[in-house]
Amino acid sequence: MKRGDKMAPNIYLLGKSNDTMSIELAEQGTPSKPSDSDSDSAPLLAENEDAPSGDPPPTPDLPGDTKTQALQLIFGAGGIYASFLYYGSLQEDVFRYESEDGTKFTMAWFLQVLESLANVVFGTAALVIMGLTGTGHDAGENTGGSRKWWGGTPNLPKKPFISSGFSQVCSKAFTSLALANGLSFPVATLAKSGKMAPVMIGSLILGGAKYGLRDYIQVLAIIAGTAILSMSKKKSAASDSSTLGVTFILLALVMDGITGGVQKRLLADMKRVKVTPQPYDLMTFTNLFMMIFAIIISFILGDFTKGLNYCTHNPKVFSLIWKFSMCSAIGQSFIFYTVARFDPLVCSTVTTTRKIFSVVLSIVFKGHSIPTQGWMGLALAIGGILSEVANKVQGGHRKLKSKTSM
């Protein structure tokens, strides 16, 4: 295989959290030069770190040494865990921060401006480094000396990123607004794990998709468990959930469902012009439009000025925000590293179980009071999440077995 023919991953988008970005990725290997046989059925970028599984990609060129592969997995998975566990903790700290005069940080759109900016800077730097080191899109090709400093995909259309950026920044901002309006971090995180519900509803109504009984049970378990946890906290004296917070998290889930359709259209648009974006192309331009929309909305709502003033008078919260933003960018890079070297199910398992750890760590270290009923709901929701992971793994193994037997 020539260097110029190397595989370029298609990265799944959430359908993050911002997870907090959410974030919530997997890779499905496709040739760096698209052909008529390229699939248009998979979404592209993972802004939240979630990673729906797809067909396992061709096994990348890895050293035969199992120890080396184990170290690569530890490095990639460890980076994802470290980045997004800290990311979730910082996000919760931002919205629980209280200044000396008793006011709290509630400027979610201003937060999205800074987070998107960090991702744009990080993605742009990566593309420049790839260009300068000859590892970008044109690696191994004769470019006539042009664009040596830029490793991005040539002739990449930018218009398809507009709607994708809008839907994603709305989803993340609504999640942050849910936290700003009293919804606890554990409840918000578990609720976001049930984002498959709006996706399934949309697919059933618009796409005629079919799902098995297990799929419905998994989604119902996550939703029911989250509802039980939320209601148990409302009954407790230390309740930190609110009706407005629940409304915003539901809006975030709706935007997650819309994002899935938007991403399919983005991929179809790219295929139509025979362009296959690289991961850092997607990271850079999706976040660029997320930042543009966040700036516009934050100025309209007054969030930008209020957020800037709040951070000026409370440098501690600004420190939390920039660390939070850097974790978002670094976490995505670790996801790119992991999906480029291992089966997408590996990354999917890591990112999904990471949410469980985030919830548990938040309950243990952030002082959340959970009654017995709440623990039962938490166990039910986690059971649904783990069942989803197991289902993906089993499905991936079946697909791989059927391909190898052909």
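Owing to the predicted nature of the structure, the values given are computational and were not obtained by experimental measurement. (Residues numbered from 1 in each chain as written. Predicted model: local features only at pLDDT ≥ 70, side-chain atom pairs only at ≥ 80, totals over all residues. Heavy atoms only, no water.)

In the contact formed by helix α10 (residues 303-313) and helix α11 (residues 315-339), the axes pass within 5 Å of each other and the chain directions differ by 115°. For the element pair α10 / α11, the angle class is roughly perpendicular. Counting all contacts with α10, which are made through Tyr310, Cys311, Thr312 and His313, the residues of α11 involved are Pro315, Val317, Phe318 and Ile321. Class assignment for the residues of the contact of α10 with α11 results in 6 nonpolar, 2 polar and no charged. (Axes fitted to C-alpha atoms, helices over the stretch in contact; angles between N-to-C directions. Helix = DSSP H or I, 4+ residues; strand = E, 2+ residues; numbered from the N terminus. Parallel < 35°, antiparallel > 145°, perpendicular 65-115°, else oblique. Contact = heavy atoms within 4.5 Å. Nonpolar A, V, L, I, M, F, W, Y, C, P; charged D, E, K, R; others polar.)

Quick look at the packing of aromatic side chains now. For the structure on display, the rule yields 15 aromatic pairs. Relative to Phe174, the ring of Trp109 has its centre 6.5 Å away and its plane inclined at 80°; by these criteria the two rings are edge-to-face. Of this pair, Trp109 sits in helix α3 (residues 108-132) while Phe174 is found in helix α4 (residues 160-180), placing the two residues 65 residues apart along the sequence. You can call Trp109 buried: its relative accessible area is 6%. Measuring from centroid to centroid gives 4.6 Å for Phe299 and Phe304, while their planes differ by 15°, and the two rings are stacked. (Phe/Tyr/Trp six-rings, centres within 6.5 Å; stacked < 30°, edge-to-face > 60°. Buried < 20%, exposed > 50% of the residue type's maximum accessible area, 1.4 Å probe, protein only.)

Judged by side-chain polarity, Phe357, Val360, Leu361, Val364 and Phe365 come together as a nonpolar surface patch covering roughly 490 Å² of accessible area. Overall, Val360 belongs to the partly exposed group, its relative accessible area being 34%. (Patch = residues over 30% accessible without salt bridge, like charges linked within 9 Å, V, L, I, M, F, W, Y side chains within 5 Å. Areas by Shrake-Rupley, 256 points an atom, 1.4 Å probe, with all protein chains shown as cover. Salt bridge = Lys/Arg side-chain N within 4 Å of Asp/Glu carboxyl O.)

End to end, helix α8 (residues 243-272) covers 44 Å across 30 residues, agreeing with the expected 44 Å (1.5 Å per residue, within 8%). Lys274 occupies a position one or two residues after α8 and carries a positive phi of about 60°. (Expected span 1.5 Å × (residues − 1).)

Here we take up the confidence of the model for the protein chain. When the pLDDT values of the protein chain are averaged, the result is 74; 70% of them are 70 or greater. Here strand β2 (residues 22-23) is the element of the protein chain with the lowest mean pLDDT, 34, and α10 is the one with the highest, 94. A low-confidence stretch, residues 51-63 stays under pLDDT 50, and its non-local contacts, those more than four residues away or across chains, total 41 contacts. (pLDDT = per-residue confidence, 0-100.)

Before going further, it helps to spend a moment on the pattern of salt bridges. Counted by the stated rule, this structure contains 5 salt bridges. In this structure, Asp93 and Lys366 form a salt bridge, with 2.6 Å as the shortest nitrogen-oxygen distance. Pair noted here: Asp93 is in helix α2 (residues 66-96) and Lys366 is in the loop between α12 (344-365) and α13 (372-404), with a separation of 273 residues, a long-range link. The exposure class of Asp93 is partly exposed, given its relative accessible area of 25%. Among the salt bridges present, the one from Arg272 reaches Asp269, with a minimum N-O distance of 2.1 Å. Taken together, the residues Arg272 and Asp269, both in helix α8 and 3 residues apart, mark about one turn of the helix. Classification of Asp269 as buried rests on a relative accessible area of 19%.

For the pair helix α5 (residues 185-193) and α8, interaxial distance at closest approach is 10 Å and the crossing angle is 25°. By the criterion of interaxial angle, the relationship of α5 to α8 is roughly parallel. As α5 packs across α8, the resulting crossing turns out to be right-handed. Contacts between α5 and α8 pair Ala188, Ala191 and Lys192 from the former with Ile249, Ala252, Leu253 and Asp256 from the latter. (Left-handed = near helix turned anticlockwise from the far one by under 90°.)

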